[in-house]
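# Chains, contacts and geometry: an overview
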Amino acid sequence: MSNLQPVNNQRQTFSERARLFWLRMIEPHPSVTEIGEFHRAQLLSMLTLILSVFLFIALLSQPKSIGVFLALVGITLTSFALSRTKYYRLGAYLFTYAFTAVGFIQIYQGTASSIESSIFSTVTISLIFSSVLLSQRGFLSLVIFSTIAAFTAANQRR
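Quick caveat, the model's predicted, so the values are computed rather than measured.

### So, the packing of aromatic side chains
Under the criterion given, the structure shown has five aromatic pairs. Between phenylalanine 95 and phenylalanine 129, the ring centres sit 5.8 Å apart and the planes meet at 25 degrees, which makes this aromatic pair stacked. Of this pair, phenylalanine 95 sits in helix α4 (residues 88-109) while phenylalanine 129 is found in helix α5 (residues 115-133), placing the two residues 34 residues apart along the sequence.

Next comes the structure, spelled out in structure tokens:
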């Protein structure tokens, strides 16, 4: 599946070296051979790697609730590590379910500014990610759990 070897022994430009480095960083485990699964594992690697970088940058701004950021960094780095193994599906489930849970945990702890903002800022994004990364059954389960959690969160606030 991989096309990471240079075609000839000529000197590579910086952009070619950067491209090869990026491809190595997101390359799935060699046991992932089916093209659809290969792309899912690769997409998980991309999303979690990029999100980890953004979360580290956000930590530099010294947020009030550093625990949430550290938890998200841990989750995304663990999911990234799993995306590079034959267990990439576990990384996809961990990433999407945990990312969804963060939105609801903020609601239940009372740290969210509103139920709507928490759901629209984290849950909606995680559902979009999960629609691509998870199987239909996994996505449907997450939608059902999210719907139940949204109704119970709304009833709790009343």
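Back to the write-up after that little detour.
### Here's the deal with the packing of α4 against α5
Here α4 crosses α5 at 170 degrees, and the two axes come no closer than 8 Å. Of the possible angle classes, the one that applies to α4 and α5 is roughly antiparallel. Across the interface between the two elements, Ala92, Phe95, Thr96, Phe99, Thr100, Gly103, Phe104, Gln106 and Ile107 from α4 touch Ile115, Ser118, Ile119, Thr122, Val123, Ile125, Ser126, Phe129, Ser130 and Leu133 from α5. Taken together, the residues of the contact of α4 with α5 break down into eleven nonpolar, eight polar and no charged.

### A short note on the packing of helix α2 (residues 35-60) against α4
The contact between α2 and α4 brings their axes to 10 Å, and the two run at 45 degrees. The pairing of α2 with α4 is recorded here as oblique in orientation. Relative to α4, the crossing made by α2 is left-handed. Packed against α2, whose contacting residues are Glu37, Arg40, Ala41, Leu44, Thr48 and Leu51, the element α4 presents Tyr88, Arg89, Gly91, Ala92, Phe95 and Phe99 at the interface. Among the residues making up the contact of α2 with α4, the classes are represented as seven nonpolar, two polar and three charged.

### So, a nonpolar patch on the surface
Taken together, Trp22, Ile50, Val53, Phe54 and Ile57 make up a surface patch of nonpolar side chains, about 480 Å² in accessible area. It is α2 that contributes the most residues to the nonpolar patch, four residues altogether. By relative accessible area, which is 49% here, isoleucine 57 ends up partly exposed.

### Overview of the side chain of glutamate 37
With respect to the element layout, glutamate 37 can be found in helix α2. A relative accessible area of 15% means that glutamate 37 is categorised as buried. A distance of 3.3 Å separates the side chain of glutamate 37 from the side chain of arginine 89, its partner in a polar contact. With sequence-adjacent residues up to four places away left out, glutamate 37 is seen in contact with Val32, Tyr88 and Arg89.

Quick notes on the rules
The numbering scheme is per chain: residues are counted from 1 as the chain's sequence reads. Two thresholds apply to this predicted model, a pLDDT of at least 70 for residue-level local features and 80 or more for giving and counting side-chain atom pairs, whereas whole-chain, interface and lining totals are computed over all residues. In computing side-chain values, all of the structure's heavy atoms are included and hydrogens and water are not. Paired rings are identified among Phe, Tyr and Trp, the last through its six-membered ring, by centres lying within 6.5 Å, and are further divided according to the angle between planes into stacked (under 30 degrees), edge-to-face (over 60) and tilted (the rest). Numbering of helices and strands starts at the N terminus; helices are DSSP runs of H or I of at least 4 residues and strands are runs of E of at least 2. To define axes, lines are fitted to C-alpha atoms, for helices over the stretch in contact only, and angles between the resulting N-to-C directions are given on a 0 to 180 degree scale. What sets the label is the angle itself: under 35 degrees gives roughly parallel, over 145 gives roughly antiparallel, 65 to 115 gives roughly perpendicular, and the rest give oblique. Two residues form a contact once any of their heavy atoms are found within 4.5 Å. All residues other than Ala, Val, Leu, Ile, Met, Phe, Trp, Tyr, Cys, Pro, Asp, Glu, Lys and Arg, Gly among them, are scored as polar; the first ten of these are nonpolar and the last four charged. Handedness of a crossing follows from how the near helix is turned relative to the far one, being left-handed for an anticlockwise turn of less than a right angle and right-handed for a clockwise one. Each patch is built from residues lacking any salt bridge and having more than 30% relative accessible area; the joining distance is 9 Å for like charges and 5 Å for nonpolar side chains (Val, Leu, Ile, Met, Phe, Trp, Tyr). Using a 1.4 Å probe, the Shrake-Rupley method yields the accessible areas, and only the shown protein chains count as cover for residues. Between Lys or Arg on one side and Asp or Glu on the other, a salt bridge is scored when a side-chain nitrogen of the former is within 4 Å of a carboxyl oxygen of the latter. Here's how the labels work: a residue is buried when its accessible area is under 20% of the maximum for its type, exposed when over 50%, partly exposed in between, all with a 1.4 Å probe on protein chains only. Identification of polar contacts relies on pairs of N or O atoms within 3.5 Å, with a donor-acceptor requirement for protein atoms, meaning one able to donate a hydrogen and the other able to accept it, and with residues adjacent in sequence counted only if both atoms are side-chain atoms.

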